[in-house]
Protein chains: 2
Amino acid sequence: MAGYSSSVGADQERRKPRIDQSDGLSRRATIHDVARLAGVSRQTVSRAVNDKGEIDPATKERVLEAARLLDYRPSRFARGLVRKGTVTAGLVIPDLMNPFFPEVAAGVLEAAEQRGWQVVVCDTRSDDAREREALDMLSHQADAVVGYFKNEDDVLARHLGGVPLVLLERGPQQTRFAAVGIDAAGGLERGMAHLVGAGHRRIGMLDGDRGPVRGPRHEAFLAQARRHGLDVDEGWIVCCAEHSVVGGEAAMERLLDVRPEVTAVFGFNDLIAVGAMRTARRRGREVPGDLAVLGFDGLSLGALVEPALTTLHLDKRRLGRLAVEQVARLLAGEGPLVGEDAWVIPELVVRASA
Amino acid sequence: MAGYSSSVGADQERRKPRIDQSDGLSRRATIHDVARLAGVSRQTVSRAVNDKGEIDPATKERVLEAARLLDYRPSRFARGLVRKGTVTAGLVIPDLMNPFFPEVAAGVLEAAEQRGWQVVVCDTRSDDAREREALDMLSHQADAVVGYFKNEDDVLARHLGGVPLVLLERGPQQTRFAAVGIDAAGGLERGMAHLVGAGHRRIGMLDGDRGPVRGPRHEAFLAQARRHGLDVDEGWIVCCAEHSVVGGEAAMERLLDVRPEVTAVFGFNDLIAVGAMRTARRRGREVPGDLAVLGFDGLSLGALVEPALTTLHLDKRRLGRLAVEQVARLLAGEGPLVGEDAWVIPELVVRASA
DNA sequence: TTGTAGGCGTTATCAG
DNA sequence: CTGATAACGCCTACAA
């Protein structure tokens, strides 16, 4: 730690030789400034900077030196105007702190990188207003947007200004936009079959907070309960204010109050399910002995808790990659994939909690 | 699922009225095309699109209709060329799958959003080559870059082309770039004091893989060991191939082979520490009874595992925000903050594992 | 090897 | 209220 406040970052301070103007202000150096300083034409500067051939090594060196002196960097705007082909995608995520989303994002970034696209990321922190602001920004800066949104279709459209949009995790019939979905119905079918097969009849659900309408997992849960002839209805579903462990803990608290006879719970996601386990155990119920817990997402975290979480595992990276594929189709004017082709299928991973 | 493959995404397919050219190809509509279709000048289109005043409501409507028809969107490049002030930062992250980084990223995004900046994110998956590619890209597209890098300063500089860089998690004396650091020495001082205070003398470390040089945590660990007069040296440190739970598991395996007499381990990060716990328990050692485990990072995951992980907690969001602050200084030509002002201090959070 | 002319798509300025 | 004209910074084509 000694000498810690010695002169550092010198590299950064040394530069900043901005061009002084008549008005007293300064601007960044342009190709013109470099040309003047080096005593050549702008064209020659361009050749040197983009190291094309057709230039005398000596002049090239002189030009490069001038550029260095002025801290010249080509304007990405001017360049983009002339050289077409730079694709920028926007990625809108509700909450980077939920491990689910970074994994989707990783898939998006990976696929984007392969195509040579860049990705501008926004974290809306699950806030409707911020969602709209993100769209306002991206509608200007991105060629397409992919993400999770709570706002409804027409609101999105209004803030999109015509930029193509790919929605994550919405079934096609729920939106007029292109989408990449999750087969919630199929997942819940397997999940509930597992629970019922283990003898459970009094199954509760800790739902996420899906805004005005009931989400697909909610619907699918009820459908499966009906199908198995369970005596389970809306009263067995409690909503989580937050899609997090604490959200799950609180919701489980309420579920146990309202339906103390419950023997199994299905969590909207793994975080919530983990919260459910914690509350259950704190209130003296063994998991899975007294209460079975089933999650949804397949976070790697689920394998680390105790008991390890049984869950409906999703290939989140693939979700992200698929989304980029959809974007590519839209950009090519091809029309998005639909139905099963744009679906990720949950896979039941049985561990200790159910 | 019924009717799932019905006509959807119609909204997307309907548009794409690109401008046909003499060469048979098609391009996106420009302001010029709209002007022609609406029978006005480009200027009027501009006024309508950016809804400035000074335009007849009727013409405005006509223009907007034309724009809609042609699916016109202003070119961000042309716009950027004329309107200054759009700031884009690049964020380079080694591994989005490690919960540490999304949290830093969240801090960066938050601070950037407040300043009205956009952030282009790259995930290098801890690959040196990808690091360089990311820089190549960002040096063209970003006004500044912040991130984690394994490549050395001069390599970075070479791929940076003069774009300001803020390094995350490197002490100033280790780099000529601006940086935001972590007070590893201070953290380890408290951590080791805790372990030694509990009577431990045979303490091992599961180090991360910090490339050629030994990282600050490594150094600090040895320094503290010395200070407490422990009989501990390099032989008590084993490196993890991966900064992950499995990486930690494997490393712990090796440590137990080489130093079975160990009574406490310090993990390079929480993931590794969790891996250590798992291996220890699998090999029949109680945690913390037979083996105390101390992590570094303070991931929320640590509170979920059993026993809950004692750790040196970092404010990762703050780390990200600080980085953006550094960028702002560089962009303003101010010279970066240095030393304690650009530091995040680990705080010992004692839980059950040590 | 180097320089000149023109255009990329948009907005600002200043006439009409 | 509307329309010329001139930048913005760079690159491609062509000419010297």
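You'll find the structure just up there.
Computed from a prediction, not measured in an experiment: that's the story for all the values here. (Residues numbered from 1 in each chain as written. Chains lettered and ligands numbered in written order. Predicted model: local features only at pLDDT ≥ 70, side-chain atom pairs only at ≥ 80, totals over all residues. Heavy atoms only, no water.)

## What to know about the nonpolar core
Argument step 1. Counting 161 residues, the largest nonpolar core has L206(A), F221(A), L319(A), L206(B), F221(B) and L319(B) as its most contacted members.
Argument step 2. Leaving out residues up to four positions away in the same chain, L319(A) has contacts with F100(A), V104(A), Y148(A), L168(A), V180(A), G181(A), I182(A) and V344(A). (Core = buried A, V, L, I, M, F, W, Y, C linked by side-chain atoms within 4.5 Å. Buried < 20%, exposed > 50% of the residue type's maximum accessible area, 1.4 Å probe, protein only. Contact = heavy atoms within 4.5 Å.)

## Focus: helix α6 (residues 100–115) of chain A
Argument step 1. Helix length check: α6(A) (16 residues) gives 24 Å between terminal C-alpha atoms against 22 Å at 1.5 Å per residue, within 8%.
Argument step 2. The buried count for α6(A) comes to 13 of 16 residues, which makes it a mostly enclosed element. (Helix = DSSP H or I, 4+ residues; strand = E, 2+ residues; numbered from the N terminus. Expected span 1.5 Å × (residues − 1).)

## Concerning empty space enclosed by the protein
Argument step 1. Enumeration according to the criterion identifies six cavities of 30 Å³ or more in this entry.
Argument step 2. By volume, the largest cavity amounts to about 150 Å³.
Argument step 3. Lining the largest cavity are 14 residues; nearest its centre among them are R76(A), T88(A), Q118(A), R76(B) and T88(B).
Argument step 4. Mapped onto the lining of the largest cavity, the elements with two or more residues apiece are α5 (76–82) and β4 (118–123) of chain A together with α5 (76–82) and β4 (118–123) of chain B. (1 Å grid on protein atoms, 1.4 Å probe; cavity = no way out; pocket = protein on both sides within 12 Å on 5 of 7 lines; lining within 4 Å. Points joined across faces, edges and corners; volume = space filled by probe spheres on them.)

## Comments concerning the relation of the copies chain B and chain A
Mapping between the two chain copies consists of a rotation about an axis together with a translation along that axis.
Argument step 1. Each copy superposes on the other: chain B lies on chain A with an RMSD of 0.1 Å after a rotation of 180° and an axial shift of 0.0 Å. Viewed as a symmetry operation, the transformation between the two copies matches a two-fold axis.
Argument step 2. When you check the interface residues of chain B against chain A, 100% turn up at the interface there too, and the contact is symmetric in its surfaces. (Least-squares fit on C-alpha atoms with pLDDT ≥ 70 in both.)

## Some details on the protein's contact with DNA strand D
Argument step 1. Neighbouring residues of DNA strand D: 29 residues in total, closest I31(A), Q43(A), T44(B), R47(B) and D56(B).
Argument step 2. For DNA strand D, the backbone portion of the atoms within 4 Å of the protein, that is sugar and phosphate, comes to 64%.
Argument step 3. Contact between DNA strand D and S75(A): a phosphate oxygen at 3.0 Å from a main-chain N or O atom of the residue.
Argument step 4. Separating a phosphate oxygen of DNA strand D from a backbone N or O atom of D56(B) is a distance of 2.7 Å.
Argument step 5. Looking at the surface near DNA strand D, the elements that each hand over two or more residues are α3 (42–49) and α5 of chain A together with α3 (42–49) and α5 of chain B.
Argument step 6. Split by residue class, the surface near DNA strand D holds 10 nonpolar, nine polar and 10 charged. (Near = heavy atom within 4 Å. Polar contact = N/O pair within 3.5 Å; in protein donor to acceptor, adjacent residues only side chain to side chain. Nonpolar A, V, L, I, M, F, W, Y, C, P; charged D, E, K, R; others polar.)

## Points about the packing of aromatic side chains
Argument step 1. Considering all chains together, one arrives at eight aromatic pairs over all chains under this definition.
Argument step 2. Aromatic pair F100(A) and F101(A): ring centres 5.2 Å apart, planes at 85°, arrangement edge-to-face. Both residues of the pair, F100(A) and F101(A), count as buried.
Argument step 3. Their ring planes at 80° and their centres at 4.9 Å tell us that F101(A) and Y148(A) sit as a pair that is edge-to-face. Here the residue F101(A) occupies a position in helix α6, and Y148(A) occupies one in the loop between β5 (144–147) and α8 (153–160), the gap between them amounting to 47 residues. Y148(A) carries the same exposure label as F101(A), and that label is buried.
Argument step 4. A network of ring pairs unites the aromatic residues F100(A), F101(A) and Y148(A) as a single cluster.
Argument step 5. The ring of F268(A) carries the charged tip of R217(A) above its face, separated from the ring centre by 4.4 Å.
Argument step 6. The lysine or arginine in question, R217(B), covers the ring of F296(B), its NZ or CZ lying 4.1 Å from the ring centre. (Phe/Tyr/Trp six-rings, centres within 6.5 Å; stacked < 30°, edge-to-face > 60°. Lys NZ or Arg CZ within 6 Å of the ring centre and 35° of its normal.)

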